[in-house]
Amino acid sequence: MATANTFVQIGSTVTVGGGGAADITFSSIPATYTDLVVKISSRDTTSGSVWQNFQIAFNGLTTNLSSRAVYGNITTPSSASFASNIFMWTSAANATASTFGNAEIYIPNYASSNNKSVSADFVSETNGTDAIYGLTAGLWADASAITSIKLTPALGFAQYSTASLYGILKY
Amino acid sequence: MAAGATYVSIASQTLTSAASTITFSSIPAIYTDLIIVHQGAALTTTALINMELNGDTTGSNYSLTFIIGDGSSAASGQYTSDKFVGRNYTAQQNNIFQIMNYSNSTTYKTTLSRSNSAGNLVQALVSLWRNTAAVTSVRLFVGAGNFDTGTTFSLYGIAAA
């Protein structure tokens, strides 16, 4: 029976500085774990929007990505599919000040030679007239081991946005 | 301050041949929650993934509620006597199952499931096993067809601090 902790942080938490950020990237990810988890607290700088999308891509490539999402805000829940992106959503500039959306992205068997499936949950509550909650299923149809992860917002990640990368190891 | 392990790999299985069922047994009661991560594809046939706890095969002891999106519309539903918790498609996909407070002997057991198939659907599902026994075994099986070779199942335990 293994007793070691198998959920460990890889590197350090990235915190966006005063100028904002066009993306957050984790690079040189070792192949020593089984699964990856990314935990994100973020806000997009797009004015006029309460929430906005952001996306994830791997190994510096933007090809062979697809996703389906189901989400709800203040209206009837909806679903959408995307042939070229893995999308999630977060708070944006018109959300209540100081509110940030949360997201968790889970990537099993990221170092395998199979295509990579992605599970993502995202939430954005604003104490206002709109908010969003949803789930995304993503696929990167590529057999390469994931060595880098890039998170790209619709316009920019606002100051104080954070992202942390964790590795999960099975024995 | 406790510094012990709080997220522990209990067991894992990688299929070396296609199979319709896998079981984690003799699960110790030393954790608070369980997580099972499935990643792989169906051999040829799309099917539901079912879960039985402690060998209880009686469907009327299980119920579930789900929300689902297929890329064009969202829907939700409920089954009062069924034990499916996930989906098995022929493209690479994952299902993640979290069994909360699995080792107590006073409450029914609730499982939160996520199914992620980018080419087919995304789903969140909550299921209930109406039994107060501590969970010591988990069986996952498909309603038709098989899990393909190379499919992985990982069981983790989360311990309270």
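Higher on the page you've got the structure.
This is a predicted model, so every value here is computed, not measured.

Draft legend 1. Highlighting the overall build of chain A. Secondary structure assignment for chain A yields zero helices and 13 strands. Each helix and strand of chain A, ordered N terminal to C terminal, gives the series β-β-β-β-β-β-β-β-β-β-β-β-β. Expected size for 171 residues packed as a compact globule is a radius of gyration near 16 Å; at 16 Å, chain A falls within 12% of this value. Overall, the C-alpha framework of chain A stretches about 50 × 35 × 35 Å when taken along its three principal axes. The burial tally for chain A puts 43% of its 171 residues in the buried class. In chain A, 78% of the contacts between residues at least 6 apart in sequence involve partners at least 24 apart.

Draft legend 2. Representation of the interface of chain B and chain A in the model. Contact with chain B, which involves 32 residues of that partner, is made by 34 residues of chain A. Listed by contribution, the elements that provide at least two residues to the side of chain B that touches chain A are β1 (7-14), β3 (33-40), β5 (62-69), β8 (93-99), β9 (109-117), β10 (121-129) and β12 (152-158) of chain B. When residues in the side of chain B that touches chain A are grouped by element, the largest group, four residues, is from β1 of chain B. Considered class by class, the residues forming the side of chain B that touches chain A number 13 nonpolar, 17 polar and two charged.

Draft legend 3. Up close: the pairing of strand β4 (residues 35-42) of chain A. Note that β4 of chain A and strand β13 (residues 162-168) of chain A share seven bridges and pair antiparallel. Of the residues in β13 of chain A, the one forming a bridge with L36 of chain A is G167 of chain A.

Draft legend 4. Expanded view of the nonpolar core. Judged by nonpolar contacts, the single largest core of 81 residues is most densely connected at I105 of chain A together with I36 of chain B. Not counting chain neighbours up to four residues away, the residues in contact with I105 of chain A comprise V37, V38, I56, V118 and A120 of chain A.

Draft legend 5. Structural detail: the sheet that holds β10 of chain B. Residues and elements named next belong to chain B. On the basis of which strands lie adjacent, the open sheet formed by eight strands has the order β1-β12-β3-β8-β9-β10-β5-β6 and antiparallel pairing. Edge positions in the sheet fall to β1 and β6 (74-79), since each has one partner strand and no second. When strand polarity is set aside, the average angle formed by the axes of neighbouring strands in this sheet is 15°. As paired strands, β9 and β10 are joined by nine bridges and run antiparallel to one another.

Draft legend 6. Spotlight on unusual backbone geometry. Residue and element names in this part refer to chain A. Here the phi dihedral of N59 falls at roughly 55°; this positive angle occurs in a residue that is not glycine. Residue position: N59 is located in the loop between β5 (51-58) and β6 (65-72). In this model, N109 sits at a positive phi of 50°, which is unusual for a non-glycine residue. On the neighbour-count criterion, N109 (26 C-beta atoms within 10 Å) is buried.

Here is what the cut-offs are and how they apply
Residues numbered from 1 in each chain as written. Chains lettered and ligands numbered in written order. Predicted model: local features only at pLDDT ≥ 70, side-chain atom pairs only at ≥ 80, totals over all residues. Helix = DSSP H or I, 4+ residues; strand = E, 2+ residues; numbered from the N terminus. Rg over C-alpha atoms; globule rule 2.2 N^0.38 Å. Buried ≥ 20, exposed ≤ 12 C-beta atoms within 10 Å, placed from the backbone. Contact = placed C-beta atoms within 7 Å. Nonpolar A, V, L, I, M, F, W, Y, C, P; charged D, E, K, R; others polar. Pairing = 2+ DSSP bridges. Core = buried A, V, L, I, M, F, W, Y, C linked by C-beta atoms within 7 Å. Axes fitted to C-alpha atoms, helices over the stretch in contact; angles between N-to-C directions.

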